[in-house]
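# A structural walkthrough
Each chain, written out:
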Amino acid sequence: MTSPPTTPEPRPGDDRTTDLIRWAAFTCVLVPVVLLWYGSSLAGAAGTALGLAAVTAVCRVLLRRSERCAVRLLVEEPAPEAHHRGRHQRAGTGSRRGGRHSGGNSPVG
């Protein structure tokens, strides 16, 4: 019996990030066209296009990096019961909060 080939499922963030990058690229084209339409100079529109393209490229790099870091953290994160000690189980003797605590040498009176 042969099993059907498995294809990796796309991550949920991929579609949103790809759509965001596509819209950003679209605005890199649209904004200079609108600027030219309303009478801006060709040099000004070209400078705007280059600036928007640079910002879009940096944002794309940062989005991809944050996605990789998020995936890495999810993979490396231990199971919840491994690091969860419960609400009232805290390590150490001085870990209680609030209330009055008398010092070791203070008189009680």
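What comes next is a walk through the structure. Predicted, not measured: the structure shown is a model, and the values here were computed from it.

## Examining a nonpolar patch on the surface
A cluster of nonpolar side chains, namely Trp23, Phe26, Leu30, Val34, Trp37 and Tyr38, defines an oily patch on the protein surface of about 790 Å² accessible area. Tracing the backbone through its elements, the reader meets Leu30 in helix H1 (residues 12-37).

## What about the environment of Gly44?
Mapped onto the elements of the fold, Gly44 is located in helix H2 (residues 42-76). We classify Gly44 as partly exposed; its relative accessible area is 30%. C-alpha of Gly44 to C-alpha of Pro32: the two residues are twelve residues apart in sequence and 8.3 Å apart in space.

## Observations regarding the side chain of Thr56
Position of Thr56 relative to the elements: it lies in helix H2. Take Thr56: its relative accessible area is 16%, and that puts it in the buried class. The contacts of Thr56, once residues within four sequence positions are left out, are Ala24, Ala25 and Cys28.

## Focus: H2
Compared with an ideal rise of 1.5 Å per residue, which puts 35 residues at 51 Å, H2 spans 51 Å between its outermost C-alpha atoms and is within 8% of the ideal. All of the buried residues in H2 are Ala45, Thr56 and Glu67.

The rules behind each value
- Residues numbered from 1 in each chain as written.
- Predicted model: local features only at pLDDT ≥ 70, side-chain atom pairs only at ≥ 80, totals over all residues.
- Heavy atoms only, no water.
- Patch = residues over 30% accessible without salt bridge, like charges linked within 9 Å, V, L, I, M, F, W, Y side chains within 5 Å.
- Areas by Shrake-Rupley, 256 points an atom, 1.4 Å probe, with all protein chains shown as cover.
- Salt bridge = Lys/Arg side-chain N within 4 Å of Asp/Glu carboxyl O.
- Helix = DSSP H or I, 4+ residues; strand = E, 2+ residues; numbered from the N terminus.
- Buried < 20%, exposed > 50% of the residue type's maximum accessible area, 1.4 Å probe, protein only.
- Contact = heavy atoms within 4.5 Å.
- Expected span 1.5 Å × (residues − 1).

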